[in-house]
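An overview of the molecular structure
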Amino acid sequence: MTTNDSSDLAMPTPTLDVFATGPVFVDAIFANVPRMPSLGTEVFSGDFELSLGGIANVAVQASRLGLHTAVAGASGGGILGQWVRREMAVEGVNCTWLASLNDWSQPVTASIAGNGDRAMVTHFDTRTSPPRLTSLPPARMYFEHIHHDGPIPLTDELAPLGARVVYDTSWDAEEIWDLGRLRVLSRAELFVPNEYEAMAFTRAATAIGAAKALTDLVPVAVVKCGPRGAVVAAEGEIIYEAAPFDAGPVLDTTGAGDVFVGALMAARLAELPLPEQVDFAVLCSGLAVTGLGGASAAPSWPRVGDAVAALNGATAERFGFVHQLREHLDSSPTPSTQEVPFHG
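I will try to describe carefully the structure that is included in this document. In this text the structure is predicted, and so the values were computed from the model without any measurement.

About the cut-offs
Residues numbered from 1 in each chain as written. Predicted model: local features only at pLDDT ≥ 70, side-chain atom pairs only at ≥ 80, totals over all residues. Heavy atoms only, no water. Phe/Tyr/Trp six-rings, centres within 6.5 Å; stacked < 30°, edge-to-face > 60°. Helix = DSSP H or I, 4+ residues; strand = E, 2+ residues; numbered from the N terminus. Buried < 20%, exposed > 50% of the residue type's maximum accessible area, 1.4 Å probe, protein only. Salt bridge = Lys/Arg side-chain N within 4 Å of Asp/Glu carboxyl O. Pairing = 2+ DSSP bridges. Axes fitted to C-alpha atoms, helices over the stretch in contact; angles between N-to-C directions. Left-handed = near helix turned anticlockwise from the far one by under 90°. Contact = heavy atoms within 4.5 Å. Nonpolar A, V, L, I, M, F, W, Y, C, P; charged D, E, K, R; others polar. Patch = residues over 30% accessible without salt bridge, like charges linked within 9 Å, V, L, I, M, F, W, Y side chains within 5 Å. Areas by Shrake-Rupley, 256 points an atom, 1.4 Å probe, with all protein chains shown as cover. Core = buried A, V, L, I, M, F, W, Y, C linked by side-chain atoms within 4.5 Å. Arc of directions from axis to C-beta.

A word on the packing of aromatic side chains. Describing an aromatic ring pair means giving the distance of the ring centres and the angle of the ring planes. A full pass over the atoms with the stated rule returns 12 aromatic pairs. Each ring, one from Trp 177 and one from Phe 201, has its centre 5.1 Å from the other, and the planes form 85°; the classification is edge-to-face. One end of the pair, Trp 177, is in the loop between strand 9 (165–169) and strand 10 (190–191); the other, Phe 201, is in helix 3 (residues 195–202), with 24 residues separating them in the sequence. Accessibility assignment for this pair places Trp 177 and Phe 201 in one class, buried. Among the aromatic residues, ring-to-ring pairing joins Trp 171, Trp 177, Tyr 196 and Phe 201 into one connected group.

Let's shift gears to the environment of Thr 253. Its place among the elements puts Thr 253 in the loop between strand 13 (237–242) and helix 5 (256–269). Along the primary structure Thr 253 and Val 289 are separated by 36 residues, whereas in three dimensions their C-alpha atoms are 5.0 Å apart.

Counting across every chain of the model gives nine salt bridges. Across the pair Arg 164 and Glu 271 runs a salt bridge whose closest N-O atoms are separated by 3.1 Å. Here the residue Arg 164 occupies a position in the loop between strand 8 (139–146) and strand 9, and Glu 271 occupies one in the loop between helix 5 and helix 6 (274–288), the gap between them amounting to 107 residues. The exposure class of Glu 271 is exposed, given its relative accessible area of 55%. Each of Arg 164, Glu 189, Arg 268 and Glu 271 takes part in one network of salt bridges that share partners.

Here is the key point about a regular strand: its side chains alternate between the two faces of the sheet. Most of strand 2 (residues 24–31) is tucked away: seven of the eight residues are buried. As judged from the eight bridges shared by strand 2 and strand 3 (residues 47–54), these two strands associate in the antiparallel manner. Paired with Ala 31 across the two strands is Asp 47, which belongs to strand 3. Here strand 2 runs beside strand 6 (residues 108–114); their pairing, made up of five bridges, is parallel. Directly across from Phe 30, in strand 6, lies its bridge partner Ile 112.

A few words on the pairing of strand 9. Of all the five residues making up strand 9, five are buried; the element is thus mostly covered by neighbouring parts of the structure. Burial along strand 9 is two-sided: Val 165, Tyr 167 and Thr 169 and Val 166 and Asp 168, pointing in opposite directions, are all buried. Bridge count between strand 8 and strand 9: five bridges; the pairing is parallel. Its bridge partner being in strand 9, Tyr 142 is matched across the sheet by Val 165. Note: strand 9 against strand 10, two bridges, orientation parallel. Note on strand 10: the bridge partner recorded for Val 166 is Leu 190.

A few words on the packing of helix 5 against helix 6. Between helix 5 and helix 6, the least distance of the axes is 8 Å, while the angle of their chain directions is 145°. Handedness of the helix 5/helix 6 crossing: right-handed. Taking contact as the criterion, the partners of Ala 256, Val 259, Phe 260, Ala 263, Leu 264, Ala 267 and Arg 268 in helix 5 are, on helix 6, Leu 274, Gln 277, Val 278, Phe 280, Ala 281, Val 282, Cys 284, Ser 285 and Ala 288. For the contact of helix 5 with helix 6, the class distribution of residues is 13 nonpolar, two polar and one charged.

A few words on a nonpolar patch on the surface. Taken together, the side chains of Phe 30, Phe 48, Leu 50 and Leu 80 present a nonpolar region at the surface, about 320 Å² in accessible area. The topology assignment puts Leu 80 in helix 2 (residues 78–90). Looking at Leu 80, the relative accessible area reads 32%, which means it is partly exposed.

The subject of this paragraph is unusual backbone geometry. Non-glycine residue Asn 32 carries a positive phi angle of around 55°. One can find Asn 32 in the loop between strand 2 and strand 3.

Attention now moves to the nonpolar core. Counting residues in hydrophobic clusters, the biggest one holds 64 residues, and the most contacted among them are Met 88, Phe 260, Val 278, Phe 280, Leu 283, Val 304 and Val 322. Other than its neighbours up to four places away in sequence, Val 304 contacts Phe 280, Leu 283, Cys 284, Leu 287, Pro 299 and Val 322. Grouped together as the second largest cluster of nonpolar side chains are 32 residues, Ala 198, Ala 200, Ala 207 and Val 231 included.

Moving on: helix 8 (residues 301–309). In an α-helix, one turn spans 3.6 residues, which is why side chains three or four residues apart end up on the same side. Residues of helix 8 that are buried: Trp 301, Val 304, Ala 307 and Val 308. Take helix 8 and look down its axis: the buried residues cluster within an arc of 130°, on one side only. More than 90 degrees from the buried face of helix 8, the exposed residues found are Asp 306 and Ala 309. Buried positions along helix 8 lie against helix 1 (55–64), helix 6 and helix 10 (322–331).

Buried within helix 4 (residues 207–214) we find Ala 207, Ala 210, Ala 211 and Leu 214. The arc enclosing the buried residues of helix 4, seen along the axis, measures out at 100°, which places them on a common side. Against the buried residues of helix 4 lie strand 10, helix 3, strand 11 (220–224), strand 12 (230–234) and strand 13.

This is how it looks when you write it as structure tokens:
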């Protein structure tokens, strides 16, 4: 896909609300683990969940909020690959652009959760690379992870055409955190790393300092701070600090950052003020961590509505916009379901 002369091109009418590209994982969640196992020992978990993971966390959260969502990537052969596609279909996520690779092992993460955090072991088959898309369908908003050892994100080529692109970053296994990998952010609308990633890229000592520094590269930086909420920066200044949402005891944080992104995109497409967009993302991710798995625990509207209805005082006022947000998303025109690839 090339965009040599963007002046003659424009984004076609969207066929989707959200198009997310990246790896899809199967997450095996072990929760209520009394301690991390050491070599040669075994521990037993109090809870277990098999959940969609990776880019599916973003897509499922967006879909549960009523957005027409699709993913691009790959599923492996065998039982796990079949399970991924079945679960995606149940969640209403369009898998037209999800390649099925019979000779490729489905990516899997085992997450061990305890004491409000988790440790993970991941298998990702590097013997065969999933096919890279040569075209993208027209969508109202795109999401992609920036990979430290991969090619320039495909969605970067859509930005000159006026596409709305949101980026997060994948984990840097080498922990080099090369700031040069973020050069694509100049064409993005938002960058949504977690605080560790933001501080690692910028070498800042705090999430606030990192968020400010990132605005040299992207118009708006939203740094996810887990149990401390999020900070938002634009033009080198902090413009909002979102307090966390306490929905109850934290059971598992796996995929919560992706749930945050899916909810943020939904609120952003509804054109809410930026502080309310981030508050809604904090709300949904706060609900998700009380369950197991990112996609499995991503809240749907009934759960969001029940949570907001139970609030009072200043917290109820803070989230007073949620009812109007749901009405807006429910009344938004449905994008065409015609699956027409967009060639840049």
